[in-house]
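Notes for the structure review
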Amino acid sequence: MATTDRKIRVLLTKSRIDGHDRGVRYVATRLREAGMEVIFTRYRDPDDIINSALQEDVDVIGLSFSVGGYLIISSDVMKLVRKNGMDKILVIVGGIIPEDDIPELLEMGVSRTFGPGSYGDDIVEYITAHVN
Amino acid sequence: MFSEDTKDQDKDLLKRWEEKYSKFYKEKKFEAATASGIPVKPVYTPSDIEHIDYDEIGVPGEYPYTRGIYPLQYQFQPWVNQMSLGYGLPEQTRERMEMLKDAGMKGYFGAQSYNLPHDLVSKTGLDPDSPEARGLVGRGGVNISTIEDLDRIFHDLPLDKTQIVQNIGSATMAGLALYIVYAERRGFPRETLGGNSMNWLYKAPFVDYAMFLPKSAFKLMAEFIKFCSKNMPRWNTTNIAGYFIEEAGGNAIQEAAFTMATSIAITEECIKAGLHPDEFLPRFSFQFAQGNDFLEEIAKIRAIRKMWAKINKERFGCEKPKSMQLRMHIHTSGCSLMAQQPLVNIIRAAFHTLGAVLSGTNALHTSAYDEALGLPTEESATLALRTQHLVLHETHIPNVSDPLAGSYYLEWLTDKIEKEANKLIEKIDGMGYIKAWETGWFKAELANSAYKWRESMDKGDRVVVGVNKYVSEEEQKVPVFKLDPKIEQTAVERVKEFRAKRDNAKTKSALDGLREVAKKVNKDWPDGGDLMPAIIEAAKADATLGEMQGVLKEVFGWGYAC
């Protein structure tokens, strides 16, 4: 845990053209219940995600995907994270992510993926343990 | 519904039942509820349904159509195998169409029926080279932006003998304009075209989509219905979908109430546009989910059929039977499918399919077992279709229409769902549909149900096989469908080439014309003229889907109302 009393700040975001928000809204509720500050946005493109993350000074970016596109978008986001020197930020990916693609996501710098049926408690625990 | 003798007998028998119960179980009380929270008893008898008039149940094919809209259900004409099947580029979707047709996918009366969801890009009315499309082209459906794309799917198909479900989200008008222009170029006049548009401009109150702002959305839906009612007698104009209400978390009562409230709101707008309900209601169709609570889901469908009949007769004074006969597609629940032990989903979807058939659906999509992992593979899509074949040919169920009618529990539950849903409809009537949309009331109701659903699973109050009970350490490996990422580039190049070779001055002038007409329609609604012909003119001048929808967004307003 961080040494200050600052609440952990999490940006949860999904594409504005994908309506599937049931999972990400559930995660938002669980993180809020765990005392985190959650900012929920719908992005137009990866720049949008980074701009919101910088403006809101978040510790965690959570990207939600339902129908795919996670490899392209996550890769764009990780490049922008590096370009902007956001070294401490934790990027996690949730949603429908086939097992086979997880190594590629981790390779590009995503910290962890949470697939369908993941428990809220596990996500809270992971974020709490890894934000510093 | 019962004689005095039967009622007396029922009382005596119930007393004996209670005595036996207490002998076995002492003070132990059985407490249970349906998935939507309606408390249920362990046994039902005539006394539970004696308050229901026999007219409310009746026979299949008679008002209020609780038991089905036709006198016979599947005996001579089975349900339409309406498998939702698009993905990727148009030619890839065509391959999947052929594969499922060869596997035995059938429509009504010899016509082939193709249920074509478009990808999120086309559904929003964007071209594939829009920045928002990145990573999403061909995902969740087929990508279409030009008349050439339509030709890549339909080039050799007889369009007057082909039924298509053009599931193109908020791009309903531009999507159909492209199809009409394409078909007419091939020699099939618009009045010969059969199929349906979804007209899903009312989707945003329930699902997190950017959309035409509420008042505009209603104007546009009514404009679309007006055009089709007068020009396309075989086209189903509007699909009222409970499916995505259920997928967003809605329970059976909410699905019934919110779909009926949506139908009411669109009907009222069309009346404002000068149409008589009997002119357009026969061309409404519906789509519902079939989820896990087997009997509640069947009761839901039976209740909905009767609710719609009553609403259209009593509220709107309809006289044509076709305005009261609810035609539906059932999509087996996607959100009930789990990523853990995915093969178990085959069995889940089989129960859902059976439930849909016992509900008397007219068309059916069975979800594939790998839908929690990705888009269906050829193998999983075929297996899903086989599930329908099995129910049709091996269970003997289709021999009898509405075979569960008369079950004390089912009739009680059908009546109960109607009453509970009517209470919710009254609430929406009081609030006003647009206000319920703008204030986010619908979404909050669904989010609340979704949260309870999830919490009950996490706490173990609700068992989900393979997820919170009977968990296996060993992972069930199944093949996962992979979409070639290169198709995005192909789609982008194609639309750019299309724009480069057309007569751009002509396109621009048609789009400018559309803008003027749209402004007038918006300002002077409902007396500002007709919008759809101007969209067709733009399609004739080779405007793309994204360009036509772009003009409508600009004029009618676009964004999140809640």
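Right above here is the structure, for reference.
This brings us to the overall build of chain A. Helix and strand content of chain A: five helices and five strands. When its helices and strands are written in sequence order, chain A yields β-α-β-α-β-α-β-α-β-α. Computed over C-alpha atoms, the radius of gyration of chain A comes to 13 Å, within 12% of the 14 Å expected from 2.2 N^0.38 for 132 residues, which places it in the range of a compact globule. Each of the three principal axes of chain A carries a C-alpha extent, and together these read 35 × 35 × 25 Å. Burial analysis of chain A (132 residues in total) assigns 57% to the buried set.

Now for the overall build of chain B. Within chain B, the regular secondary structure consists of 20 helices and 13 strands. Along the first, second and third principal axes, the C-alpha atoms of chain B reach 85 × 60 × 45 Å. Out of the 562 residues belonging to chain B, those deemed buried represent 61%. Summed over its atoms, the accessible surface of chain B is roughly 22500 Å², and 54% of this surface lies on carbon and sulfur atoms. Computed over 70 positive and 78 negative side-chain charges, the inter-centroid distance for chain B is 1 Å.

Residue and element names in this part refer to chain B. Taking 1.5 Å of rise per residue, 22 residues should cover 32 Å, and helix H11 (residues 294-315) covers 31 Å from first to last C-alpha, within 8% of that figure. Taken across its 22 residues, H11 has 17 buried, putting it largely inside the fold. Looking at the residues trailing H11, positive phi occurs at Gly317, about 65 degrees.

So, on to the nonpolar core. In globular proteins that are soluble, nonpolar side chains generally tend to be buried together. In this structure, B:Phe154, B:Tyr202, B:Phe206, B:Phe258, B:Tyr433 and B:Leu531 are the most contacted members of the largest nonpolar core, which totals 159 residues. Contact partners of B:Phe258, with chain neighbours within four places excluded, come to B:Phe206, B:Ile245, B:Leu424, B:Ile428, B:Trp441, B:Phe442, B:Glu445 and B:Leu446. Within the second largest apolar cluster, 25 residues are counted, among which are A:Ala53, A:Tyr70, A:Leu80 and A:Leu105.

Every contact between the two is made by 43 residues of chain B and, on the other side, 33 residues of chain A. Taking both sides of the interface into account, the surface hidden between chain B and chain A amounts to around 3200 Å²; carbon and sulfur atoms contribute 52%. Here chain B and chain A share ten salt bridges between them. Linking B:Glu132 and A:Arg16 is a salt bridge whose minimum nitrogen-to-oxygen distance equals 3.3 Å.

A word on a positive patch on the surface. A surface patch of like charges, here positive, comprises B:Arg16, B:Lys20, B:Lys23 and B:Lys26. Considering the arrangement of structural elements, one finds B:Lys26 in the loop between helix H1 (4-25) and strand E1 (32-33).

What follows is about the sheet that holds strand E2 (residues 37-43) of chain A. Residues and elements named next belong to chain A. Read across the open sheet, the five strands follow the order E2-E1-E3-E4-E5; overall the sheet is parallel. Edge strands, defined here as strands with exactly one partner in the open sheet, are E2 and strand E5 (112-114). Here the strands of the sheet are splayed against their neighbours by 25 degrees on average, with no regard to which way each runs. As paired strands, strand E4 (residues 90-95) and E5 are joined by three bridges and run parallel to one another. Pairing of Gly94 across the sheet is with Phe114, part of E5.

This next bit is on helix H7 (residues 214-231) of chain B. The end-to-end C-alpha separation of H7(B) is 26 Å, in line with the 26 Å expected for 18 residues at 1.5 Å each. In terms of burial, H7(B) is largely enclosed, as 14 of its 18 residues are buried.

Residues and elements named next belong to chain B. Mapped onto the elements of the fold, Lys219 is located in helix H7. Look at Lys219: it is buried, it has no salt bridge, and the nearest opposite charge is Glu269 at 7.1 Å. With residues up to four places along the chain from it excluded, the contact list for Lys219 reads Glu269, Asn522 and Trp525.

To continue, consider the side chain of B:Lys553. Residue and element names in this part refer to chain B. In this structure, Lys553 sits in helix H20 (residues 545-556). Buried charge without a salt bridge: Lys553, with Glu132 as the nearest opposite-charge side chain at an N-O distance of 5.9 Å. With residues up to four places along the chain from it excluded, the contact list for Lys553 reads Thr124, Gly125, Leu126, Phe212 and Trp558.

All names here are of chain B. If you trace the five strands from one edge of the open sheet to the other, you get E3-E12-E11-E10-E9, paired in parallel fashion. Bordering the open sheet on either side are strand E3 (80-81) and strand E9 (238-241), each of which pairs with just one other strand. Across three bridges, strand E11 (residues 328-332) lies against strand E12 (residues 363-365) in parallel orientation. Within E12, the residue paired with His329 across the bridge is Ala363. Along the sheet, H11 makes contact with strand E10 (284-290) and E11, crossing E10 at roughly 165 degrees. Sitting on the sheet, helix H12 (residues 344-359) touches E10, E11 and E12, and the angle it makes with E11 is about 165 degrees.

It is worth spelling out the pattern of salt bridges at this point. A complete count under the given rule lists 59 salt bridges over all chains for this structure. A salt bridge links B:Glu184 to B:Arg190, with the shortest nitrogen-to-oxygen separation between them at 2.8 Å. Linked by salt bridges that have partners in common, A:Arg30, A:Glu33, A:Asp121, B:Arg454, B:Glu455, B:Asp458 and B:Lys459 make up one network.

Now for the packing of aromatic side chains. Inspection of every chain in the model, using the stated rule, returns 28 aromatic pairs over all chains. Seen from their ring centres, B:Trp200 and B:Phe244 are 5.1 Å apart, and the 90 degrees between their planes marks the pair as edge-to-face. Residue B:Trp200 is found in the loop between strand E6 (194-197) and strand E7 (211-212), and its partner B:Phe244 is found in helix H8 (residues 243-247); the two are separated by 44 residues along the sequence. The pair formed by B:Trp200 and B:Phe244 is uniform in burial state, with each residue classed as buried. Each residue in the set B:Phe206, B:Phe218, B:Phe258, B:Tyr433, B:Trp437, B:Trp441 and B:Phe442 is aromatic and connected to the rest through ring pairs, giving one cluster. Sitting above the plane of the B:Trp453 ring, A:Arg22 keeps its charged end 4.4 Å from the centroid. One Lys or Arg, A:Arg42, reaches over the ring of B:Tyr560 and ends 3.6 Å from the middle of that ring.

Here we come to the packing of helix H6 (residues 172-185) of chain B against H7(B). Residue and element names in this part refer to chain B. Their axes nearest at 10 Å, the elements H6 and H7 cross at an angle of 25 degrees. Of the possible angle classes, the one that applies to H6 and H7 is roughly parallel. In this structure, H6 uses Thr172, Met173, Leu176 and Ile180 to contact H7, whose residues at the interface are Leu220, Glu223, Phe224, Phe227 and Cys228. In the contact of H6 with H7, the residues fall into seven nonpolar, one polar and one charged.

Parameters at a glance
- Residues numbered from 1 in each chain as written.
- Chains lettered and ligands numbered in written order.
- Predicted model: local features only at pLDDT ≥ 70, side-chain atom pairs only at ≥ 80, totals over all residues.
- Heavy atoms only, no water.
- Helix = DSSP H or I, 4+ residues; strand = E, 2+ residues; numbered from the N terminus.
- Rg over C-alpha atoms; globule rule 2.2 N^0.38 Å.
- Buried < 20%, exposed > 50% of the residue type's maximum accessible area, 1.4 Å probe, protein only.
- Areas by Shrake-Rupley, 256 points an atom, 1.4 Å probe, with all protein chains shown as cover.
- Lys, Arg positive; Asp, Glu negative; His and termini not counted.
- Charge placed at Lys NZ, Arg CZ, Asp CG, Glu CD.
- Expected span 1.5 Å × (residues − 1).
- Core = buried A, V, L, I, M, F, W, Y, C linked by side-chain atoms within 4.5 Å.
- Contact = heavy atoms within 4.5 Å.
- Buried area = accessible area lost by both parts, 1.4 Å probe.
- Salt bridge = Lys/Arg side-chain N within 4 Å of Asp/Glu carboxyl O.
- Patch = residues over 30% accessible without salt bridge, like charges linked within 9 Å, V, L, I, M, F, W, Y side chains within 5 Å.
- Pairing = 2+ DSSP bridges.
- Axes fitted to C-alpha atoms, helices over the stretch in contact; angles between N-to-C directions.
- Phe/Tyr/Trp six-rings, centres within 6.5 Å; stacked < 30°, edge-to-face > 60°.
- Lys NZ or Arg CZ within 6 Å of the ring centre and 35° of its normal.
- Parallel < 35°, antiparallel > 145°, perpendicular 65-115°, else oblique.
- Nonpolar A, V, L, I, M, F, W, Y, C, P; charged D, E, K, R; others polar.

Take it as geometry only, folks, not as evidence of what the structure does.
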